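Listed below, chain by chain, are the residues.
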Amino acid sequence: MDSVCPEVEQVADAIASMETRGAATIADAAAGALAAQAEWIETEDPEAFRAAMRAAARTLADTRPTAVSLPNALRYVLHGMHGGTVSDLRTSVVTRAEAFRTDLDRAQGRLGRVGAGRLRDGDTVMTHCHSTAAVAVVRAAVEQGKHVEAYVKETRPRNQGHITAKELRELGVPVTLIVDNAAHRFLDECDHVIVGADSIAADGSVINKVGTSGLAVLARERGVPVMVAAGTLKLHPDTLTGQAVEIEQRAEREVIDDESREEIGEITVRNPAFDVTPPRHLDAIVTEKGQFPPESIVSLMRELYGDQVDEPWSE
Ligand code: RUB
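Since we're looking at a predicted model, the values are computed, not measured.

A. Expanded view of helix 6 (residues 132-143). The end-to-end C-alpha separation of helix 6 is 16 Å, in line with the 16 Å expected for twelve residues at 1.5 Å each. For helix 6, the full list of buried residues reads A133, A134, V135, A136, V137, V138, A140 and A141. Lining the buried residues of helix 6 we find helix 5 (86-116), strand 1 (124-127), helix 7 (161-170), strand 4 (192-195) and strand 7 (226-229). For helix 6, the N-terminal cap is S131; the gap from its side-chain oxygen to the backbone nitrogen of A133 is 3.2 Å. Downstream of helix 6 by one or two residues, G145 has phi in the positive range, about 90 degrees.

Okay, here's the thing in structure tokens:
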């Protein structure tokens, strides 16, 4: 028997190829895949069931390294796997995965309303990349009747800004799309920078799409507050013990095509997908549990995750 079901393979491939992308969306898809695995496993042996669940979680965990929402989701579901029979184990996984997905959805709505509290009627925001949480903040502000406009950075090399532009347009928000290098030029017209997060470290540093740290430095220089919209699922418990967050390095071809590269001659190309913004360049981290000064996030991390840095899929 293959130990991993086709849906887990498909979800893992989609995450690795970035067809499924963005930290919250990845976590949601991974939880769904674990439920599919639980429904699929054919065995009466509880230990074999557990082993097959661990195999699925490993496959999913190995797709992308930076967004902690992925291992946090896998941990949450596997920690909820209980029972003496396969039937009980299966039910517990499916129930836990459903609860995870419902909570994630609710958290987005809540943090959106918390973040919207920072926006006034008539404000203009600048965004980077595409973050469902950042869009949730603007959505909540619009639902509160506030008029909000947006400068949307295109976000090279994969232009996730186009997704943001489309979603904000669907909310009726006037959008100006700009190249990344134009951010400084337009910050004077902005009241907030709103970004998401892939991981948040214990010292309040925020790991998000490469270019976030440069934008935060510019915003600080122009006096524009930087809001990080990120559910508590983005808190990286490993950093409590001093571990660094791994930054994903992506293909060189995302930066330059083969023909142009050939024409230029011998060059090195580097393509880190994320960067680290230190807490001193950030004003607030907005979560479903309220807003926090970045430096205080460690207390919330301890409260929610304690010593939970195990990897139940590698047991
Ligand atoms: C996406 C990215 C997003 C965060 C937060 O990077 O950096 O800002 O994942 O997104 P990529 P969300 O496109 O490489 O996955 O708020 O939706 O979790």
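B. Looking closely at the pairing of strand 6 (residues 206-209). Two strands pair when backbone bridges link them, and strand 5 (residues 199-200) and strand 6 are joined in this way by two bridges, in the antiparallel orientation. Looking at strand 6, one finds that S199 is bridged to I207. Here strand 5 hands over to strand 6 after five residues, with G204 in that stretch at a positive phi of 90 degrees. Judged from the four bridges that link them, strand 6 and strand 8 (residues 274-277) form a sheet pairing that is antiparallel. The partner of N208 across the bridge, within strand 8, is D275.

C. Fine view of the sheet that holds strand 5. What the three strands build is an open sheet, ordered 5-6-8; its pairing is antiparallel. The outermost strands of the open sheet, each flanked by one partner alone, are strand 5 and strand 8.

D. Region of interest: the nonpolar core. By size, the foremost hydrophobic cluster in this structure holds 40 residues, and its most contacted members are L34, F49, M53, L60 and L74. Of all the secondary structure elements, the ones that give two or more residues to this core are helix 1 (6-16), helix 2 (23-40), helix 3 (46-61), helix 4 (69-79) and helix 5. The element contributing the most residues to this core is helix 2, with eleven residues. Apart from the residues lying within four places of it in its own chain, the contact partners of L34 are M53, A56, A57, L60, L74, V77 and V93. Within the second largest apolar cluster, 30 residues are counted, among which are M126, A182, A202 and A219.

E. The environment of S314, seen in detail. Here S314 lies in the segment after helix 11 (297-305). For S314, a relative accessible area of 47% corresponds to the partly exposed category. Here the alpha-carbon distance between S314 and V68, two residues 246 residues apart in the chain, equals 16 Å.

F. Expanded view of the pattern of salt bridges. Following the criterion strictly, the structure yields 16 salt bridges and no others. The closest approach of N and O atoms between D191 and R120, which form a salt bridge, is 3.7 Å. With D191 in the loop between helix 8 (183-187) and strand 4 and R120 in the loop between helix 5 and strand 1, this residue pair connects regions lying 71 residues apart in the sequence. Between E170 and K166 there is a salt bridge whose closest N-O contact spans 3.1 Å. Placement of the pair is E170 and K166 together in helix 7, with a separation of four residues, close to one helical turn. When its relative accessible area of 59% is taken as the criterion, E170 is described as exposed.

G. Just the site of the ligand, in detail. Around the ligand there are 18 residues in total, and R21, S131, T132, N208 and K209 lie nearest to it. For the ligand, an oxygen atom lies 2.8 Å from a polar atom in the side chain of D198. One of the side-chain N or O atoms of K234 is found 2.8 Å from an oxygen atom in the ligand. Expressed as a share of its isolated accessible area of 460 Å², the protein-covered part of the ligand is 100%.

H. Structural context of the sheet that holds strand 7. Read across the open sheet, the seven strands follow the order 3-2-1-4-7-9-10; overall the sheet is mixed. Every interior strand has two partners, whereas the edge strands, strand 3 (175-178) and strand 10 (290-292), have only one. Neighbour-to-neighbour, the strand axes of the sheet open up by a mean angle of 25 degrees, direction not taken into account. Lying over the sheet, helix 5 contacts strand 7, strand 9 (284-287) and strand 10, oriented at roughly 140 degrees with respect to strand 9. On top of the sheet, helix 9 (residues 212-222) reaches strand 1, strand 2 (149-153), strand 4 and strand 7; it is set at about 165 degrees to strand 4, its chief contact.

About the cut-offs
Residues numbered from 1 in each chain as written. Predicted model: local features only at pLDDT ≥ 70, side-chain atom pairs only at ≥ 80, totals over all residues. Heavy atoms only, no water. Helix = DSSP H or I, 4+ residues; strand = E, 2+ residues; numbered from the N terminus. Expected span 1.5 Å × (residues − 1). Buried < 20%, exposed > 50% of the residue type's maximum accessible area, 1.4 Å probe, protein only. Contact = heavy atoms within 4.5 Å. Polar contact = N/O pair within 3.5 Å; in protein donor to acceptor, adjacent residues only side chain to side chain. Pairing = 2+ DSSP bridges. Core = buried A, V, L, I, M, F, W, Y, C linked by side-chain atoms within 4.5 Å. Salt bridge = Lys/Arg side-chain N within 4 Å of Asp/Glu carboxyl O. Near = heavy atom within 4 Å. Areas by Shrake-Rupley, 256 points an atom, 1.4 Å probe, with all protein chains shown as cover. Axes fitted to C-alpha atoms, helices over the stretch in contact; angles between N-to-C directions.

By themselves these figures say nothing about function.
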